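# Survey of secondary and tertiary structure
Residues per chain are reported as follows:
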Amino acid sequence: MTKPLVAIRSVSKHFGEFQALKSVSLDVWAGEVMCLIGASGSGKTTLLRCINQLTAIDSGGIWLDGELLGVREEGGRLYRLTERQIARQRLKTGMVFQRFNLFPHKTALENITEGPVQVQGRKSDEVRAEAIELLRRVGLATKADSYPAQLSGGQQQRVAIARALAMKPMLMLFDEPTSALDPELVGEVLAVMKELAQSGMTMMVVTHELGFAREVADRVVYMDHGVIVESGRASDVLGAPREARTKAFLSAVI
Amino acid sequence: MRAAQTLAESFPDLSGIPVAREPHWFRWFSAALIVLALAAIARAFAGGQIEWSYVSRFLTAKVILEGIVNTMVMAVLAMALGIVLGIVVAIMRLSPNPVLKSVAAGYTWLFRGTPLILQLLLWFNLALVFPTIGIPGLWTARAVDVMTPFLAALLGLGINQGAYTSEVMRAGMLSVDIGQYEAAQAIGMGRLRALRRIILPQAMRVVIPPLGNEFIGMVKATSLASVIQYPEVLHNAENIYYANSRVIELLIVAGLWYLLVVSILTPLQMLLERRFARGTMQFAR
């Protein structure tokens, strides 16, 4: 049997007094699309941020592609990795933020080429051609030279997805990618994500879009107060939840 | 109940009736008062003991022109040193490393906490503390030879400026959304690369107006270097009036040059602001 792409084991995280994650364990398999749902403060965003190390975990371990993240074990002790090593590990994941976080002083195209050229040190003409192709894929071929401020929220988020894909990650993380969008713009972003899922990309999506979860996700994970309450096939968790807390959450949001 | 589409009657149609201009009596009155006051001041100066012919003669005198060139050279170099130090110190101040943080805070405390003129005098008189300076075994020199008025002024003004500029830069960096830093990290950037490529270019937009302010302050602060014999425009004007006793005339000459330089700097700042405003709504359209 092969190993999961992401293995999360007994991960805990505190923010002062508040415990955001309580000994969470989870596997994500290559090619899988997983949606994480739950109320705000349930720990789903924190879990996602721990995977690309924007948030450092207090205890436990996360393995990505067989590699332990953030620390190395030697002689029964854990040693923190250097910032450079952590930056290298981050290249395996792409992150899409709730508030897009495009670089406002760079055009759509420059936003996409920045990482491959500056960080990966690749040739700029080659990267540029790929970036144009990515813009076409997210339906924004004509917006290459637009600045973020000239784009709608939905267009900005699609550029942000292209920016993450340009790094050729093996795992895409989406942190509530449609929560900051006007309702009429949600569909265009979900359509891009759906196309990405169909192309075989491994994805972890923190979302409130249960329709998307039902249609696209292979697995749905429901979190509450820092623990995974229920996890399973989308149709099971959303259609016939076993746990009382899941039932209560679903009836509150639908 | 009346039908929703009909409008109530007895409200006149005001479209097409012009709006009368307001008379603004007080504006006219106050403007007249100011013109009168200015005329009185001008008349007083015209009749005062100022030989205007000296002003026009010395305005373009070689020594004065050399002085203003020296003023500008010093202002530009000291400001450049101040900006470099300011950026480095601001980055140190925002670093997670407590040693770097305290060094940066100590630097700002020391150089903001003492008068600039005192710092200039200390640099200039460094030879009293260290008669010889150098790297043991490699190079040594007498401090009086090394610490020329130029170098003392550059170090005094630049290092003092760095302490103020670091706070301006820190404010600029803090003004950039934390999400920008996270997005840079997410595409694999380290701290310094993220600062250079993503954070600083955005911070520049915020820091240019206060830096323009600081630079104008620097142009005038160079006049303090006259106390350590740096031949900037005020120092040279003083030397002339020590000889010919035309004190006010030469101070007016120096004042006019400062005004001219500062007037040129303002439009230059506007150009710089435009350059760094790329991508913001105001200029993007």
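Structure's up top.
Residues numbered from 1 in each chain as written. Chains lettered and ligands numbered in written order. Predicted model: local features only at pLDDT ≥ 70, side-chain atom pairs only at ≥ 80, totals over all residues. Heavy atoms only, no water.

### Details of a nonpolar patch on the surface
All names here are of chain B. Together, Ile-34, Leu-38, Ile-41, Phe-45 and Trp-52 give the surface a local cluster of nonpolar side chains, amounting to about 530 Å² of exposed area. Topologically, Leu-38 is positioned in helix H1 (residues 25–47). Among the residues examined, Leu-38 registers a relative accessible area of 53% and is labelled exposed. (Patch = residues over 30% accessible without salt bridge, like charges linked within 9 Å, V, L, I, M, F, W, Y side chains within 5 Å. Areas by Shrake-Rupley, 256 points an atom, 1.4 Å probe, with all protein chains shown as cover. Salt bridge = Lys/Arg side-chain N within 4 Å of Asp/Glu carboxyl O. Helix = DSSP H or I, 4+ residues; strand = E, 2+ residues; numbered from the N terminus. Buried < 20%, exposed > 50% of the residue type's maximum accessible area, 1.4 Å probe, protein only.)

### Considerations on the packing of helix H5 (residues 153–165) of chain A against helix H6 (residues 183–198) of chain A
All names here are of chain A. Running from N to C, H5 and H6 point in directions that differ by 20°, and their axes come no closer than 8 Å. Comparing their axes, H6 and H5 come out roughly parallel. The way H5 lies across H6 gives a crossing that is right-handed. Residue-level contacts link Gly-153, Gly-154, Gln-155, Gln-157, Arg-158, Ile-161 and Leu-165 of H5 to Leu-185, Glu-188, Val-189, Val-192, Met-193 and Leu-196 of H6. Residues belonging to the contact of H5 with H6 are distributed by class as follows: 7 nonpolar, 4 polar and 2 charged. (Axes fitted to C-alpha atoms, helices over the stretch in contact; angles between N-to-C directions. Parallel < 35°, antiparallel > 145°, perpendicular 65-115°, else oblique. Left-handed = near helix turned anticlockwise from the far one by under 90°. Contact = heavy atoms within 4.5 Å. Nonpolar A, V, L, I, M, F, W, Y, C, P; charged D, E, K, R; others polar.)

### A few points about the pairing of strand E11 (residues 219–224) of chain A
For a regular strand, the rule is simple: side chains alternate between the two faces of the sheet. All names here are of chain A. Counting buried residues in E11 gives 6 out of 6 residues, a clear majority hidden from the surface. Covered by surrounding structure in E11 are Arg-219, Val-221 and Met-223 together with Val-220, Tyr-222 and Asp-224, the residues of both alternating faces. Sheet topology note: the strand E3 (residues 33–37)/E11 ladder contains 4 bridges and is parallel. Following the sheet pairing, Met-34 is matched in E11 by Arg-219. In this sheet, strand E12 (residues 227–233) lies alongside E11 in antiparallel orientation, the contact comprising 6 bridges. Its bridge partner being in E12, Asp-224 is matched across the sheet by Val-227. From the end of E11 to the start of E12, which pair antiparallel, there are 2 residues, and His-225 there has a positive phi angle of about 50°. (Pairing = 2+ DSSP bridges.)

### Topic: the nonpolar core
Among the nonpolar cores identified, the biggest contains 96 residues, and Val-6, Leu-36 and Met-204 of chain A together with Ile-64 and Met-173 of chain B are the most heavily contacted of them. Tallying contributions element by element places helix H10 (residues 191–221) of chain B first for this core, with 15 residues. Among residues more than four places away in sequence, those in contact with Met-173 of chain B are Ile-87, Ala-90, Ile-91, Leu-94, Leu-195, Ile-199, Leu-200 and Ala-203 of chain B. In this structure, Cys-35, Val-159, Met-201 and Val-216 of chain A belong to the second largest nonpolar core, which totals 50 residues. (Core = buried A, V, L, I, M, F, W, Y, C linked by side-chain atoms within 4.5 Å.)

### Considering the sheet that holds strand E5 (residues 67–68) of chain A
Residue and element names in this part refer to chain A. Taken together, the 4 strands give an open sheet; going across it, the order is E2-E1-E4-E5, and neighbouring strands pair in antiparallel fashion. Pairing within the sheet leaves two strands with one partner each, and these edge strands are strand E2 (18–28) and E5. Here strand E1 (residues 6–15) runs beside E2; their pairing, made up of 7 bridges, is antiparallel. Residue pairing in the sheet places Ala-7 in a bridge with Asp-27 of E2. Of the strands in this sheet, E1, E2 and strand E4 (59–64) are in contact with helix H1 (residues 44–51), which crosses E2 at around 65°.

### Quick word on the interface of chain A and chain B
Taken together, the 25 residues of chain A in the interface contact 23 residues of chain B. Among the residues of chain A in contact with chain B, Phe-103, His-105 and Gln-118 of chain A are the three that bury the most area, contributing 24% of the side total. A salt bridge links Glu-114 of chain A to Arg-197 of chain B, with the nearest nitrogen and oxygen atoms 2.7 Å apart. Counting every contact that joins chain A to chain B gives 7 residue pairs in polar contact (both at pLDDT 80 or more). For the side of chain A that touches chain B, the secondary-structure elements that each account for two or more residues are helix H2 (83–90), strand E8 (93–96) and helix H3 (108–119) of chain A. Classifying every residue of the side of chain A that touches chain B gives 12 nonpolar, 7 polar and 6 charged. (Buried area = accessible area lost by both parts, 1.4 Å probe. Polar contact = N/O pair within 3.5 Å; in protein donor to acceptor, adjacent residues only side chain to side chain.)

### Topic: the sheet that holds E3 of chain A
All names here are of chain A. Read across the open sheet, the 6 strands follow the order E8-E9-E10-E3-E11-E12; overall the sheet is mixed. Every interior strand has two partners, whereas the edge strands, E8 and E12, have only one. Between one strand and the next, the sheet's axes are offset by a mean angle of 15°, whatever the strand orientation. As paired elements, E8 and strand E9 (residues 171–175) share 4 bridges and run parallel to each other. Bridging from a neighbouring strand, Met-95 pairs with Leu-173 of E9. H1 rests against E3, E8, E9, strand E10 (202–206) and E11 of the sheet, and its axis sits at about 145° to E9. Relative to E10, H6 is tilted by about 145°, and along the sheet it contacts E3, E9 and E10.

### Details of the layout of surface pockets
In this structure, the largest pocket occupies an estimated 1,300 Å³ of space. Taken together, 46 residues form the lining of the largest pocket, with Glu-83 and Arg-90 of chain A together with Tyr-181, Gln-185 and Arg-191 of chain B sitting closest to its centre. Mapped by element, the contributors of at least two residues to the lining of the largest pocket are E4, strand E7 (77–80) and H2 of chain A together with helix H3 (62–93), helix H8 (149–175), helix H9 (178–186) and H10 of chain B. The greatest single-element share of the lining of the largest pocket, amounting to 6 residues, is contributed by H2 of chain A. Considered as a void within the structure, the second largest pocket measures approximately 620 Å³ in volume. Contributing to the lining of the second largest pocket are 28 residues, with Leu-102 and Pro-104 of chain A together with Asp-177, Gln-180 and Gln-202 of chain B lying nearest its centre. Sorting the residues of the lining of the second largest pocket by element identifies H1 of chain A together with H9, H10 and helix H12 (247–276) of chain B as the ones contributing at least two each. The dominant element in the lining of the second largest pocket, judged by the number of residues it contributes, is H10 of chain B, at 4 residues. Split into classes, the residues belonging to the lining of the second largest pocket amount to 10 nonpolar, 10 polar and 8 charged. (1 Å grid on protein atoms, 1.4 Å probe; cavity = no way out; pocket = protein on both sides within 12 Å on 5 of 7 lines; lining within 4 Å. Points joined across faces, edges and corners; volume = space filled by probe spheres on them.)

### Remarks on empty space enclosed by the protein
Per the counting criterion, the structure on display carries 1 cavity of 30 Å³ or more. Put simply, the largest cavity is a space of about 60 Å³. Around the largest cavity sit Thr-93, Gly-94, Met-95, Phe-97, Ala-160, Arg-163 and Ala-164 of chain A together with Ala-183, Ala-186 and Ile-187 of chain B, which together line it. Residue assignment for the lining of the largest cavity shows that the elements contributing at least two residues are E8 and H5 of chain A together with H9 of chain B.

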